[in-house]
Amino acid sequence: MFGRRPDGSEHPAPLDLVRLAIPRRTYTQSHIDYVIEVCVEVAGHAADLVGYRIVEEPKTLRHFTARFEPLS
């Protein structure tokens, strides 16, 4: 998330982790069940998925609104 150095270079994190934050009292159980189904589906295709690179990003909080394209 914060891999960009002041000189503009990227420093990859030692681990690739995903944080799933869910606000309380906002979503119903059916919303959560759907998210679980999608995560299971994506995990089932993990071997077929390629990496992505950032092609457009804001100066701050780039992890929220960055645009990506698949690596080829």
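Preceding this paragraph is the structure being described.
Residues numbered from 1 in each chain as written. Predicted model: local features only at pLDDT ≥ 70, side-chain atom pairs only at ≥ 80, totals over all residues. Heavy atoms only, no water.

Trainee: What am I meant to see in the overall build of the protein chain here?
Mentor: When its secondary structure is counted, the protein chain shows 2 helices and 2 strands. Reading the secondary structure of the protein chain in the N-to-C direction produces α-β-α-β. What you see for the protein chain is a C-alpha radius of gyration of 15 Å, clearly larger than the 11 Å of a compact globule of 72 residues, by over 25%. Over its C-alpha atoms, taken along the principal directions, the protein chain stretches across nearly 45 × 30 × 25 Å. In the protein chain, which comprises 72 residues, the proportion classed as buried is 4%. Residue pairs in contact within the protein chain that sit at least 24 positions apart in sequence constitute 18% of those at least 6 positions apart. (Helix = DSSP H or I, 4+ residues; strand = E, 2+ residues; numbered from the N terminus. Rg over C-alpha atoms; globule rule 2.2 N^0.38 Å. Buried < 20%, exposed > 50% of the residue type's maximum accessible area, 1.4 Å probe, protein only. Contact = heavy atoms within 4.5 Å.)

Trainee: It is not clear to me how the environment of Val55 should be interpreted in this structure. Could you clarify?
Mentor: Structurally, Val55 is set in strand E1 (residues 52-56). Expressed as a C-alpha distance, the spacing of Val55 and Pro23, which sit 32 residues apart in the sequence, is 29 Å. Among residues more than four places away in sequence, those in contact with Val55 are Arg67, Phe68 and Glu69.

Trainee: Sorry, what's going on with the pattern of salt bridges here?
Mentor: Oppositely charged side chains are able to pair whenever their charged atoms sit close together. Across all of its chains, the model carries 4 salt bridges by this definition. In this structure, Glu10 and Arg62 form a salt bridge, with 3.0 Å as the shortest nitrogen-oxygen distance. Here the residue Glu10 occupies a position in the segment before helix H1 (29-44), and Arg62 occupies one in helix H2 (residues 62-65), the gap between them amounting to 52 residues. Look at Glu10 and you get partly exposed, because its relative accessible area is 44%. Exposure remark for Arg62: the relative accessible area of 12% places this residue in the buried category. Close ionic contact of Arg67 with Glu56 constitutes a salt bridge, the shortest N to O distance being 4.0 Å. With Arg67 in strand E2 (residues 67-70) and Glu56 in strand E1, the pair connects residues that are 11 residues apart, well separated along the chain. (Salt bridge = Lys/Arg side-chain N within 4 Å of Asp/Glu carboxyl O.)

Trainee: How do you make sense of a nonpolar patch on the surface when you look at a structure like this?
Mentor: Together, Leu20, Ile22, Tyr27, Tyr34, Val35, Val38, Val42 and Leu49 make up a nonpolar patch on the protein surface, roughly 760 Å² of accessible area in all. Tyr34 gets classed as exposed once you look at its relative accessible area, which sits at 54%. (Patch = residues over 30% accessible without salt bridge, like charges linked within 9 Å, V, L, I, M, F, W, Y side chains within 5 Å. Areas by Shrake-Rupley, 256 points an atom, 1.4 Å probe, with all protein chains shown as cover.)

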